[in-house]
Amino acid sequence: MTKQGGLSRSLGLWAIVGLGLGYMTPTVLFDTFGIVTEETNGVVPLTYLMALVVMVFTAISYGRMAKVFPTAGSSYTYTREAMHPRLGFLVGWAALLDYLLLPLVNALIIRLYMTSLFPSVPGWIWVVGFVAGITALNAWSMKSTSKLNFVLVAFAVAMIGAFLVLATVQLYHGMGQGTLFTTQPFFHSGVAIPAVLSGATVVCFSFIGFDAITMYAEEARRKSDVAKAIIITLLIGGAIFLVTGHVAQAIFPDVAGFQLVDDTLPEMALKVGGGFFQIVFMSAAFAATVASALASHASVSRMLHVMGRNGVLPKRIFATVHPRRHTPVGSVIVVGLVSLLAITPSLELISSMINFGALVAFTFVNLSVLAYFAWRRREYRTPKHVATNVVLPLIGTLMTGVLWSFLHKDALIAGIVWVSIGVIYAVALTRFTGRRVSDVAIGEEAAVVTAAPEPELAAV
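For clarity, every value in this text was computed on a predicted model and none was experimentally measured.

A. Here's a closer look at helix α4 (residues 75–82). For α4, the buried fraction is high: seven of the eight residues fall into the buried class. Those residues of α4 lying buried are Ser75, Tyr76, Thr77, Tyr78, Thr79, Arg80 and Ala82.

B. A look at the environment of valine 153. Mapped onto the secondary structure, valine 153 falls in helix α8 (residues 142–172). Note on valine 153: relative accessible area 7%, which makes it buried. For the pair valine 153 and threonine 27, spaced 126 residues apart in sequence, the C-alpha to C-alpha distance is 9.8 Å. Dropping the residues within four chain positions of it, valine 153 is found in contact with Gly18, Leu21, Gly22 and Ala291.

C. Highlighting helix α15 (residues 383–405). Between the first and last C-alpha of α15 there are 31 Å, a value that for 23 residues agrees with the 33 Å anticipated at 1.5 Å per step. Remark: the principal bend of α15, roughly 30 degrees, maps to valine 391, with a proline, proline 393, within the next four residues.

D. Summary view of empty space enclosed by the protein. Per the counting criterion, the structure on display carries one cavity of 30 Å³ or more. In this structure, the largest cavity spans a volume of roughly 50 Å³. Looking at the largest cavity, the residues that line it are Pro103, Ala107, Phe130, Val131, Ile134, Thr135, Ala293, His297 and Ser339. Going through the elements one at a time, α6 (101–117), α7 (123–140) and α11 (265–310) are the ones with two or more residues in the lining of the largest cavity. The element best represented in the lining of the largest cavity is α7, accounting for four residues. Looking at side-chain class alone, the lining of the largest cavity contains six nonpolar, three polar and no charged residues.

The rules we used
Residues numbered from 1 in each chain as written. Predicted model: local features only at pLDDT ≥ 70, side-chain atom pairs only at ≥ 80, totals over all residues. Heavy atoms only, no water. Buried < 20%, exposed > 50% of the residue type's maximum accessible area, 1.4 Å probe, protein only. Helix = DSSP H or I, 4+ residues; strand = E, 2+ residues; numbered from the N terminus. Contact = heavy atoms within 4.5 Å. Expected span 1.5 Å × (residues − 1). Bend = angle between axes of the 7 residues up to and from the residue. 1 Å grid on protein atoms, 1.4 Å probe; cavity = no way out; pocket = protein on both sides within 12 Å on 5 of 7 lines; lining within 4 Å. Points joined across faces, edges and corners; volume = space filled by probe spheres on them. Nonpolar A, V, L, I, M, F, W, Y, C, P; charged D, E, K, R; others polar.

Take it as geometry only, folks, not as evidence of what the structure does.
In structure tokens form, the structure reads like this:
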């Protein structure tokens, strides 16, 4: 049921899963295949397996916190409520580097696609047109956004399936390893574990999307669907990456035959299926990018909306919900305006900044599980509680720590600068308005964020 002026509970389980998969962009494996193959000496599926293991522990933490705090704020809300409001603000601010810049990245990728096809047309025209369309659809209806996203994701996944069939035929005819049944894509002589871990930090961010599902907590028809969708999305995405990575590495053991290693997708499609399939497959990559733009734009606007409701961002802009469309129209428009910056920056710079925000969110969601269940609720007296409330989140934190150790220096610098801006903003907010980021939320937000016990822990 939708409250007057509130977000609409219009999303079923599979609509949420579709949004998560759309955010992930399943075709991204083909774009990074050459880079990861070079870095790891040809064990792309092994890097995805390592990344998946790391993400599973973090996904469990997201799922548990989503059950207890069924609001759209994700890592911001979890840290705010489980640890401290000021820390929650800083985590939310840092996470914006992930959530707020991904729509910009998608617009940037579309600009690169279109300018390569139509070099005589100025790039800004494609950015403005694309961002305007994505913004308008997100402002119009969440249900319409999810439906279009689902169609685009289904098309992209179907084309990945076609690639796998064509690649299998080529393997049968002797291309690459000459067989699907080979362990070479997972391990062979010359593979160095540090290089594989470094490659895992690259592909790990292919999984970004399962965490953004928590942003739809207030629009899910059933609150329990969010936690289920997190795990389902991660497992489906992981299966796609593992199977596709294995087949792709079997047919392309190295990058010796590629002219452009930085983006191997067009050449992979051409070598496997010919010119016509290359066109179709590139259209699937385009569709996947549009789906990612829709999902990422929708999710970050929900996070900004919650921060606006809490008063740490201007309420008049960010807390606004359209009375008939039930979308956070102010936040949606702001995300669109930020995405217009895709007219000028480079993909490498923006991508490095996203990595910092994602790792901050992953780290503090794991720590929030530890703080809330083990520290605040004192649920550590049985072996089951120790395992679920201490061991699992600690493993998730430590595994995320491994990724921190491989974070690029530029990403770390950009992240520190962004967090510093957040600190300055928080001080200015207090100085000029008298409102602190640690102020307790009132009204609607207080009602939404009231912690609900997990079913299995309710009797404890």
